[in-house]
Amino acid sequence: MKILVINAGSSSLKYQLIDMDNEQWVAKGNFERIGLKDSIIGHKTADGFAMEETAELPTHKEALELCIQLLTTGEHKVVESVKEISAIGHRVVHGGEEFSKATYITDEVIEKVIALGEFAPLHNPAQGLAMKACRNVVGPDVPMVVVFDTAFHQTMPKEAFLFGVPYDFYEKYGARRYGFHGTSHRYLTARYAELVGKRPEDTKIITCHMGNGSSLAAIKGGKVIDTSMGFTPLDGFIMGTRSGSVDPSLVLYLMEKENLSPAEMSTLLNKKSGLLGLSGVSGDMRDVRKGANEGNERCQMAIDILCYQVKRYIGSYAAAMNGVDAIIFAGGIGENERGTRLAVTSGLDYLGVKVDPEKNEIASGKEMCISAPGATTDVWVIPTNEEIMIARDTKEIVEAL
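Each chain has its residues counted from 1, following the order in which its sequence is written. Local features in this predicted model are restricted to residues whose pLDDT is 70 or higher, and side-chain atom pairs enter the listing and the counts only when it is 80 or higher, whereas totals over whole chains, interfaces and linings include all residues. Derived side-chain values reflect all non-hydrogen atoms in the structure, with water molecules and hydrogen atoms excluded from consideration.

Draft legend 1. Region of interest: the packing of helix H6 (residues 182-196) against helix H15 (residues 386-399). Interaxial angle, 0 to 180 degrees, is taken between N-to-C directions of lines fitted to C-alpha atoms, where a helix line uses only the stretch in contact. Each helix corresponds to a stretch of at least 4 residues labelled H or I by DSSP, and each strand to a stretch of at least 2 residues labelled E; elements are numbered beginning at the N terminus. Interaxial distance between H6 and H15 falls to 8 Å at its minimum, and their mutual angle equals 90°. As judged from the angle between their axes, H6 and H15 are roughly perpendicular. On H15, the residues that touch Thr183, Ser184, Arg186 and Tyr187 of H6 are Glu386, Ile388, Met389, Ile390 and Asp393. As a working rule, the residues Ala, Val, Leu, Ile, Met, Phe, Trp, Tyr, Cys and Pro are called nonpolar, Asp, Glu, Lys and Arg charged, and the rest polar, with Gly in that last group. When the residues that make up the contact of H6 with H15 are grouped by side-chain class, the tally is four nonpolar, two polar and three charged. Angles below 35 degrees are treated as roughly parallel, those above 145 as roughly antiparallel, those between 65 and 115 as roughly perpendicular, and all remaining angles as oblique. Here a residue-residue contact requires only that any non-hydrogen atoms of the pair lie within 4.5 Å.

Draft legend 2. Quick peek at the side chain of Asp149. Looking at the element boundaries, Asp149 is found in the loop between strand E8 (144-148) and helix H4 (158-161). Each residue's exposure class comes from its accessible area (1.4 Å probe, protein chains only) as a fraction of the maximum for that residue type: buried when under 20%, exposed when over 50%, partly exposed otherwise. According to the relative accessible area criterion, Asp149 is buried, its value standing at 1%. Any pair of N or O atoms that falls within 3.5 Å is considered a polar contact. Within protein, one atom must be able to donate a hydrogen and the other to accept it, and sequence-neighbouring residues count only if both atoms are side-chain atoms. For Asp149, the side chain forms a polar contact with the side chain of Thr183, separated by 3.4 Å. Sequence-distant contacts of Asp149, defined by excluding residues within four places in its chain, comprise Arg91, Val92, Val93, Gly179, Phe180, His181, Gly182 and Thr183.

Draft legend 3. Up close: the sheet that holds strand E14 (residues 378-381). A pair of strands is labelled paired if DSSP reports no fewer than 2 bridges between them. The strand order E11-E10-E9-E12-E14-E13 describes an open sheet built from six strands, whose pairing is mixed. The two strands at the open ends of the sheet, each matched to only one other strand, are strand E11 (223-227) and strand E13 (368-369). Sheet analysis places strand E12 (residues 326-330) next to E14, joined by four bridges and oriented parallel. Directly across from Ala326, in E14, lies its bridge partner Asp378. The strands touched by helix H13 (residues 338-345) within the sheet are strand E9 (204-210), E12 and E14, with E12 carrying the most contacts at an inclination of about 155°.

Draft legend 4. The arrangement of the pairing of E8 in detail. The buried fraction of E8 amounts to five of the five residues, a majority that puts the element mostly inside the structure. Neither face of E8 is open: one carries Met144, Val146 and Phe148, the other Val145 and Val147, and all of them are buried. Inspection of the sheet shows strand E6 (residues 87-92) paired to E8 by five bridges, in the parallel sense. Across the sheet, residue Gly89 finds its bridge partner in E8, namely Val145.

Draft legend 5. Broad picture of the environment of Gly89. With respect to the element layout, Gly89 can be found in strand E6. What makes Gly89 buried here is its relative accessible area of 0%. For the pair Gly89 and Ile390, spaced 301 residues apart in sequence, the C-alpha separation works out to 6.0 Å. Discounting residues that sit within four places of it in the chain, Gly89 has contacts with Ile3, Leu4, Val5, Ile6, Val145, Ile390 and Thr394.

Just distances and angles here, no functional claims.
This is the structure we're talking about:
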């Protein structure tokens, strides 16, 4: 069985064709700048072929058409036709409270995904439209499944997901903590348990998905009891261009002082803050780290703030779970930024955390434990794999039809 995994953004589309007989990818690619004349096309196959070029992709429909074309035609095709694709799995950012698990896609589901765009305006509408476009491209006979980033976090208790605002707003508008990156946190939970030979039900772990967008999750007995992102992916600790949690009164104060509209304030918090806003250099940790290494004090300050905030979350989550077995790093920063891993885990002696600097030095991009002898709480680097989780969910639902 071959499953095509689609991850659509507001102006991008990532895809991966996975052979579920061995759970290995056959081909994958990424289309960026959809809607602009110089859309970027990247495509590669497992046998070593790779290409990158530009073209005009006005909408996600044209991107999906090109995706199918690259998979089924030409010298480097990987399947003869769409008929060899057994199913398609879609990633969607926000499922609200209604969707707590992967779901077979119907017209009604697509409309609900689009309607939830009020919670994730940059993602859900585009992802809903990508589902429609995908159906137009491959036809109605190929089953499709949607996997929600918020679903894994639906096990949080009310003391963790409710905000201190009038309860009516939760009942009327769904004002609550939802959490994101759930597919990644779920993969890390299962993979850690597999690596150490335990059942997820017998573990207490803190998963750190750290990239341009970042979130932590406290996972006890295989279930999320708390997570750092909230009503939107803006909440939590500082990220590439996002502020993370700030005093709400500061938002009101800055809006008044700078005469900012709600939309302008949203842009400031989501696109001009975080590492970018603090360093004044970039929202990309690689650039910020380079600046810090060259003596830029603001770059170093931004890194220090990020590491401090992550450490603070780890401490609070260990308290919430009454202990922790392992801290797991994943995502672009978590997997590759050895300096960040070392800074975050230093000073956690009271939790039994002790990192081996030599292991940490070589762990980037690898799946390995970086704890030193004598540590009672393990620290792991585990590259995440959201695509395989989506493919597995899709396979399970399709086979049950």
